[in-house]
Amino acid sequence: MKRQPARATGVAPLPPWIDRLAVPGRTFRYGEAGPKGLMRGKRVIVALARGGFYGPETATVSAEYAEIYLRAIFGFLGIAPEFVLVEGLAAGEQTKANAMAAARDAVGQIAA
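Definitions and limits used
Residues numbered from 1 in each chain as written. Predicted model: local features only at pLDDT ≥ 70, side-chain atom pairs only at ≥ 80, totals over all residues. Heavy atoms only, no water. Phe/Tyr/Trp six-rings, centres within 6.5 Å; stacked < 30°, edge-to-face > 60°. Helix = DSSP H or I, 4+ residues; strand = E, 2+ residues; numbered from the N terminus. Expected span 1.5 Å × (residues − 1). Buried < 20%, exposed > 50% of the residue type's maximum accessible area, 1.4 Å probe, protein only. Arc of directions from axis to C-beta. Contact = heavy atoms within 4.5 Å.

**Student:** What should I look at first to understand the packing of aromatic side chains in this one?
**Tutor:** Any pair of aromatic rings gets described here by the distance separating the centres and the angle formed by the planes. Counting across every chain of the model gives four aromatic pairs. Ring geometry for Phe28 and Tyr30: centres 5.6 Å apart, planes at 85 degrees, overall edge-to-face. Following the ring pairs from residue to residue traces out a cluster consisting of Phe28, Tyr30 and Phe76.

**Student:** Explanation requested: helix H2 (residues 66-77) in the structure shown.
**Tutor:** Side chains of residues three or four places apart in an α-helix project in the same direction, reflecting 3.6 residues per turn. Its 12 residues place the ends of H2 17 Å apart at the C-alpha level, agreeing with the 16 Å of an ideal helix rising 1.5 Å per residue. By the burial criterion, the buried members of H2 are Ala66, Glu67, Leu70, Phe74 and Leu77. Take H2 and look down its axis: the buried residues cluster within an arc of 90 degrees, on one side only. On its buried face, H2 is in contact with helix H1 (14-21), strand S1 (28-31), strand S2 (34-37), strand S3 (45-49) and strand S4 (82-86). One or two residues past the end of H2 sits Gly78, with phi positive at roughly 95 degrees.

This is how it looks when you write it as structure tokens:
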């Protein structure tokens, strides 16, 4: 029986994807004043789902890294990303349903 290759999980594929976006001379450049993002005027919407709660008023806020990282990377490229956050997916079915409904509302507002 042929062994299947291991699949990447989590955020492991994210850094190589970012490397493909950050192209010197195309999406950013360095000048005398430092780096300059060349992607101004582009729109990026990030949907980010979390099992727990990592918002500003939570005890686990210091463990939040995905949104901070993506804001920094897209900011470097000259883009202010928009986020749709879904938190608490592992905190019970009602919490999950409420979070998904709020995310659908947020997507509707972005699409409007």
